Amino acid sequence: MTSEPIRLGVAGLGRAFMLMLPTFRNDPRVRLVAAAAPREESRRAFEAEFGGRGHATVEGLAADPEVEAIYIATPHQMHADHVTAAAQGGKHILVDKPLAVTLEDADRMVEAADKAGVHLIVGPSHSFDAPVALAHELIKSGEFGSVRMVQALNYTDFLYRPRRPEELRTEEGGGVLFSQGVHQIDIVRLLCGGLARQVTAMTGAWDPTRPTEGAYSALMNFENGAFATLTYSGYAHFDSDTWMGNVAELGGEKPPEDYGKARRALVGLDAEAETKLKTTRTYGSGAEPPAARHHEHFGPIIVLCDRADLRLTPDGVEIFGDTERRFVEAPLGAVPRKTVIDALTAAVREDVPPPQTGRWGRASLEVCHAILRSADNGAAVDLSRQCGTTEKEEHA
Ligand SMILES: NC(=O)c1ccc[n+]([C@@H]2O[C@H](COP(=O)([O-])OP(=O)(O)OC[C@H]3O[C@@H](n4cnc5c(N)ncnc54)[C@H](O)[C@@H]3O)[C@@H](O)[C@H]2O)c1
């Protein structure tokens, strides 16, 4: 195994890239060598900081011989074409969640990666958060018996963060399901073994000025007998970070005076002005996430096992056993999102993929669609594209 840093190219220098920047800048296991961005100024900013090459297209990036793997952080609906181009260029791929918007695109991407013999990892998602990984390890240890039930809740201001117009159109991947639900689904599937069986759900689209799903409640069951409830609201009223010690999603402190900030920032803006506001949060704007003293999290999550309940916190896992209660810390390293680079390195350097492969991302996407379908027709939806936490476990 070579210990050389992975030579990484980046497709899309927007908000998602900004959130990965502290990791890319500080983890010595990766080196940014190229990027693709349609805007000239973003390409120049990238070249000035990293000394790499800025390409105008993802196809150009995929053909760059200097690049070993590509992080794809373009809008959801472009993931399929960009993953396919990267695979055809023989590059390993880390594609931000969700894998795609349609299951047909997801199939195309899994097939392209298989055909090219490259790794396709879907991430980061909050299933990579260190406390989630710790809870997964604790469950796998067998100490607490089987997972029986999971509750996952999250109340955020998601729907009122600045959006591109298509982020408010469900059929183009807008709304809370594809961008946020997929995090919660990934976490719950990881903790319950991955093989979901059936989903029953209801959704809410309550603001006609942002006419897409802003909330849902879903009940899922799994082949191993576990079941889970998932509840999410992005309507920017109650904030479940208050139940997480006032730690925000990215692990920083949440100042109480920030209450209402997201909705306030949108007052008086039309769609064009809102899109422009979103670009002020992208690369070159300086709006980088501050260093955090806790891990990232995705709201309260409680896992009920035979012999203990596990509560995930932004610092680790609290274990409520039969006769004792204890806390297991997930140590905070110097570099955020270390688990994502662990996964990328293990896949690219050791040929050991994480659970969150292309097939995994397709299975989580299937659950997003099942939630929408169940809410639409009022019936339970059977799932058929699920996979377990190792590559070999798949539905027949
Ligand atoms: N995991 C996370 O924490 C997280 C956070 C935000 C977004 N995301 C995901 O990242 C993806 C991007 O979302 P975003 O919020 O960063 O959007 P964004 O609009 O801020 O960024 C998208 C970027 O892609 C660029 N782009 C568009 N077309 C391109 C092309 N053909 N080639 C190269 N670049 C192109 C745009 O110029 C823009 O800079 C989405 O799939 C979203 O779900 C993940």
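Residues numbered from 1 in each chain as written. Predicted model: local features only at pLDDT ≥ 70, side-chain atom pairs only at ≥ 80, totals over all residues. Heavy atoms only, no water.

**Student:** Just to check I follow, could you spell out the sheet that holds strand β12 (residues 308-312) for this structure?
**Tutor:** In any sheet, the strands associate via hydrogen bonds between backbone groups, in a parallel or an antiparallel arrangement. Strand order across the open sheet formed by 9 strands is β14-β13-β12-β11-β7-β10-β9-β8-β15, with mixed pairing between neighbours. Two strands close off the open sheet at either side, each with one partner strand: β14 (325-329) and β15 (381-382). Pairing geometry for β12 and strand β13 (residues 316-321), over 5 bridges, is antiparallel. Paired with D309 across the strands is F320, a residue of β13. In this fold helix α11 (residues 358-377) packs onto β8 (196-204), β9 (215-222) and β15, with an angle of close to 55° to the strand it touches most, β8. (Pairing = 2+ DSSP bridges. Helix = DSSP H or I, 4+ residues; strand = E, 2+ residues; numbered from the N terminus. Contact = heavy atoms within 4.5 Å. Axes fitted to C-alpha atoms, helices over the stretch in contact; angles between N-to-C directions.)

**Student:** Sorry if this is basic, but what is going on with the sheet that holds strand β5 (residues 92-95) here?
**Tutor:** The 6 strands are arranged β3-β2-β1-β4-β5-β6 in an open sheet whose pairing can be described as parallel. The open sheet terminates on both sides in strands that have one partner only, identified here as β3 (53-55) and β6 (120-122). Geometrically, the sheet is characterised by an average inter-axis angle of 25° between neighbouring strands, direction not taken into account. Bridge count for β5 against β6 is 3 bridges, and the pairing is parallel. Note that in β6 the partner of I93 across the bridge is L120.

**Student:** Quick question: what am I supposed to make of the site of the ligand here?
**Tutor:** Around the ligand, 24 residues are found, and the nearest of them are A16, H76, K97, R164 and K278. Between the ligand and D96 there is a distance of 3.0 Å, counted from a nitrogen atom to a side-chain nitrogen or oxygen. At 2.8 Å, a side-chain N or O of R164 approaches an oxygen atom of the ligand. Within the complex, 83% of the 830 Å² of free accessible area of the ligand lies under protein. Among the elements of the structure, α1 (15-26) and α4 (79-88) are those that each provide at least two residues to the shell around the ligand. In terms of residues, the shell around the ligand owes the most to one element, α1, which gives 3 residues. Grouping the constituent residues of the shell around the ligand by class yields 11 nonpolar, 7 polar and 6 charged. (Near = heavy atom within 4 Å. Polar contact = N/O pair within 3.5 Å; in protein donor to acceptor, adjacent residues only side chain to side chain. Areas by Shrake-Rupley, 256 points an atom, 1.4 Å probe, with all protein chains shown as cover. Nonpolar A, V, L, I, M, F, W, Y, C, P; charged D, E, K, R; others polar.)

**Student:** Honestly, the domain arrangement of the chain in this entry has me stumped. Any pointers?
**Tutor:** By a widely used convention, the size of an interface equals the accessible area lost when the partners come together. Once the domains are mapped, the chain shows domain 1 (6-126 + 336-356) and domain 2 (127-334 + 365-382). Each of domain 1 and domain 2 has a C-alpha centre, and these two points are 23 Å apart. Between domain 1 and domain 2, the contact holds 38 residues from the first and 33 residues from the second. Between domain 1 and domain 2, a total of about 3,000 Å² is buried, with carbon and sulfur atoms accounting for 59% of that surface. (Domains from an automatic or database assignment. Buried area = accessible area lost by both parts, 1.4 Å probe.)

**Student:** Can you help me understand the packing of helix α7 (residues 176-191) against α11 in this one?
**Tutor:** Packed helix pairs are characterised by how far apart their axes lie and by the angle those axes make with each other. For the pair α7 and α11, the least separation of the axes is 9 Å and the interaxial angle reads 115°. Judged by the sense of rotation from one axis to the other, the crossing of α7 with α11 is right-handed. Residue-level contacts link L177, F178, V182, I185, D186, R189 and L190 of α7 to W360, A363, S364, L365, V367, C368, H369, I371 and L372 of α11. Tallied by class, residues from the contact of α7 with α11 come to 12 nonpolar, 2 polar and 2 charged. (Left-handed = near helix turned anticlockwise from the far one by under 90°.)

**Student:** Looking at this structure, how should I read the pattern of salt bridges?
**Tutor:** What the rule picks out here adds up to 35 salt bridges. R349 is the partner of E68 in a salt bridge, and the nearest nitrogen-oxygen pair spans 2.6 Å. With E68 in the loop between α3 (58-62) and β4 (69-72) and R349 in helix α10 (residues 338-350), the pair connects residues that are 281 residues apart, well separated along the chain. Considered together, E68 and R349 belong to a single accessibility category, that of buried residues. Across the pair E137 and K140 runs a salt bridge whose closest N-O atoms are separated by 3.3 Å. You can see E137 and its partner K140 sitting in helix α6 (residues 130-140), 3 residues apart, about one turn around the helix. Looking at E137, the relative accessible area reads 46%, which means it is partly exposed. Take K140: its relative accessible area is 53%, and that puts it in the exposed class. One salt-bridge network, in which partners are shared between bridges, spans R163, R164, E166, E167 and K278. (Salt bridge = Lys/Arg side-chain N within 4 Å of Asp/Glu carboxyl O. Buried < 20%, exposed > 50% of the residue type's maximum accessible area, 1.4 Å probe, protein only.)

**Student:** Got a minute to help me understand the packing of aromatic side chains in this structure?
**Tutor:** Working definition: an aromatic ring pair is given by the centre-to-centre distance plus the angle between the planes. Under the counting rule described, the total for this entry stands at 11 aromatic pairs. Seen in terms of ring centroids, F17 and Y283 are 5.2 Å apart; in terms of plane orientation they differ by 80°. Their pairing is edge-to-face. Of the two residues, F17 sits in helix α1 while Y283 sits in the loop between α9 (271-279) and β11 (301-305), which places them 266 residues apart along the sequence. Taking relative accessible area as the criterion, F17 reaches 0% and is therefore assigned buried. Summarising the aromatic geometry, the rings of Y155 and W243 are spaced 6.5 Å apart at their centres and angled 75° between planes, so their arrangement reads as edge-to-face. Taken together, the positions of Y155 in strand β7 (residues 147-155) and W243 in the loop between β10 (227-233) and α8 (261-266) put the pair 88 residues apart, joining distant regions of the chain. Taking the relative accessible area as the measure of exposure, Y155 reaches 25% and is therefore partly exposed. The partly exposed category is assigned to W243, whose relative accessible area is 47%. What links up through ring pairs into an aromatic cluster is the set F17, F24, Y71 and Y283. Here the basic side chain of R163 rests over the ring of F158, its NZ or CZ set 3.9 Å away from the ring centre. (Phe/Tyr/Trp six-rings, centres within 6.5 Å; stacked < 30°, edge-to-face > 60°. Lys NZ or Arg CZ within 6 Å of the ring centre and 35° of its normal.)

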